[in-house]
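Tertiary structure, described
For reference, the chains in residue letters:
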Amino acid sequence: MKIVEVVLTPVAFRDPPLLNAMGVHEPYALRSVVELRCEDGVVGLGESYGDLAFLDQIRKVAPELTGRDVFDLPGLRRTVARTLGGAVFADEHGLTGGFSVSKTVASVYALFEVAALDAQGRRLGRPVVDLLGGRVREEVDFSAYLFYKYGAHADGTQDHWGEVLTPEALVRQARQMIDRYGFTSIKLKGGVLDPDQERDGVLALADAFPGHPLRIDPNAAWTVPTSIRVARELDGVLEYLEDPTPGIDGMAQVAARASMPLATNMCVVRFEDLAPAFRAGAVGVVLSDHHFWGGLRDTQALSKTCEAFGVGLSMHSNSHLGISLAAMVHVAAATEHLTYACDTHWPWREVDVVAPGALEFEGGAVAVPDGPGLGVELDPDALARAHEDYLRCGQTKRDDVTYMRNFVPSFQPHTARW
Ligand SMILES: O=C([O-])[C@@H](O)[C@@H](O)[C@H](O)[C@@H](O)C(=O)[O-]
Ligand SMILES: [Mg+2]
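Quick look at the structure, then. All of these numbers come straight from a predicted model, not from anything done at the bench. (Residues numbered from 1 in each chain as written. Chains lettered and ligands numbered in written order. Predicted model: local features only at pLDDT ≥ 70, side-chain atom pairs only at ≥ 80, totals over all residues.)

Thoughts on the environment of Ala326
Along the chain, Ala326 turns up in helix 11 (residues 322–333). On the basis of neighbour count, Ala326 is assigned to the buried category, with 27 C-beta atoms found within 10 Å. The sequence separation of Ala326 and Asp194 amounts to 132 residues, and the corresponding C-alpha distance is 36 Å. Discounting chain neighbours no more than four positions away, the residues touching Ala326 are Leu359, Pro369, Leu374, Gly375 and Val376. (Helix = DSSP H or I, 4+ residues; strand = E, 2+ residues; numbered from the N terminus. Buried ≥ 20, exposed ≤ 12 C-beta atoms within 10 Å, placed from the backbone. Contact = placed C-beta atoms within 7 Å.)

Printed below as a string of structure tokens:
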């Protein structure tokens, strides 16, 4: 089945002022939506980053795909690598590790691979999970992804979550999210407040939600000694500690002294990073993310590799919409070695580009959608509105650091600050 046209639509959707080690989320999150229009009227959907530097790369590749067989994934990967010709996409926030040619190819390929698999599934009348080998689980568990946050954006726009800067407010946010979605495990985005305050936040969550596995992710905001101290203070409380400190060497020093496994989506972000990290004993859990790990099939390869080395696998997320959530659910449902509930930013968005109904949370889990392919349908009006928002919002890249300076003029990112 040949690809006849590739349509790329950058979109933007409202995002609350969520805090992290690099600053604060801007009023809109940016994404790209791809439609692979194929023979017989079949259309495959994909979703990924919306930064201009990423759009520049996918815009180079898109015209090269027309006339290609949508079932030829190795050919698709070769076309991506050849067309990019060594280009590097640098997502300046740095929250998902370094940049490289291989990570850029993996990221661009992933967007088109998901769309190709969606098209294949629609053509065959089978869900993507079946193309990945079939279901090992019917539904996929997600964690409540909590953020410290401001009560309003720089222009005064508020949201229903309110300000969250204290343990009490964190517990309130967790309760709102758990009441609505039923999550049974909790992740806290840290690297925002003094580590002692964040430790107290975790302890308050542990008290309020007994039996809910907990994690904290300071995105490398802590030094090695601070990480070791906080790990000791949260002994028996955390299921894993995510990216407390920068780099494989630093993580290895913490891992040697911490009782809980360390997880990462910062120091292991490509297959090339696995050997040095595993050799150093730096990580006990790798956070997969098909958007930069080379798509759904490479995510499965990552899982197998982790299993062989006795390393756990969880799933990282960034602000995203329903096409990405569907892809995350399909790959998670087809991947046996997935040892923790996945992350998702889903509760933070209010609109979507897909028609409602296919993706529902129950007990913190999402069942694999029924339909062929990814099982989600594009809502053309919603897509048009989100594209209008993209054109109107004036943002062209994610820049939490500069936006943070509206609130704290002297702000510098918090890498190994504490
Ligand atoms: O949305 C955020 O601010 C997160 O900090 C995100 O960008 C990270 O990449 C991510 O969720 C993580 O686990 O590090
Ligand atoms: Mg992380």
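Having seen the model, we can carry on.
Quick notes on helix 1 (residues 52–61)
Within helix 1, the full set of buried residues consists of Phe54, Gln57, Ile58 and Val61. Here the buried residues of helix 1 occupy an arc of 90° about the axis, which is enough to place them on one side. Buried-residue contacts for helix 1 involve strand 1 (3–14), strand 4 (28–38), strand 5 (43–49), helix 2 (73–84) and helix 3 (101–124). (Arc of directions from axis to C-beta.)

A word on the sheet that holds strand 4
Read across the open sheet, the 3 strands follow the order 1-4-5; overall the sheet is antiparallel. Whereas interior strands pair on both sides, the edge strands pair on one side only; in this sheet they are strand 1 and strand 5. The sheet shows a mean angle of 20° between the axes of neighbouring strands, direction not considered. The pairing of strand 1 with strand 4 spans 11 bridges and is classified as antiparallel. If you follow Val11 over to strand 4, its bridge partner there is Arg31. Strands in contact with helix 12 (residues 380–393) are strand 1 and strand 4; relative to strand 1, the strand with the most contacts, it is inclined by about 65°. (Pairing = 2+ DSSP bridges. Axes fitted to C-alpha atoms, helices over the stretch in contact; angles between N-to-C directions.)

Focus on the packing of helix 10 (residues 295–308) against helix 11
Viewed as axis vectors pointing N to C, helix 10 and helix 11 meet at an angle of 40°, and their least axial separation amounts to 10 Å. Put simply, helix 10 runs oblique to helix 11. As for how helix 10 packs across helix 11, the hand of that crossing is right-handed. Contacts between helix 10 and helix 11 involve Leu296, Thr299 and Gln300 from the first element and Ala327, His330 and Val331 from the second. Its residues placed into classes, the contact of helix 10 with helix 11 shows 3 nonpolar, 3 polar and no charged. (Parallel < 35°, antiparallel > 145°, perpendicular 65-115°, else oblique. Left-handed = near helix turned anticlockwise from the far one by under 90°. Nonpolar A, V, L, I, M, F, W, Y, C, P; charged D, E, K, R; others polar.)

As for the site of ligand 1
By nearness alone, every residue bordering ligand 1 is listed as Leu18, Asn20, Leu95, Thr96, Lys189, Asp217, Asn219, Asn265, His316, Ser317, Asn318 and Ser319. Split by residue class, the shell around ligand 1 holds 2 nonpolar, 8 polar and 2 charged. (Near = placed C-beta within 6 Å.)

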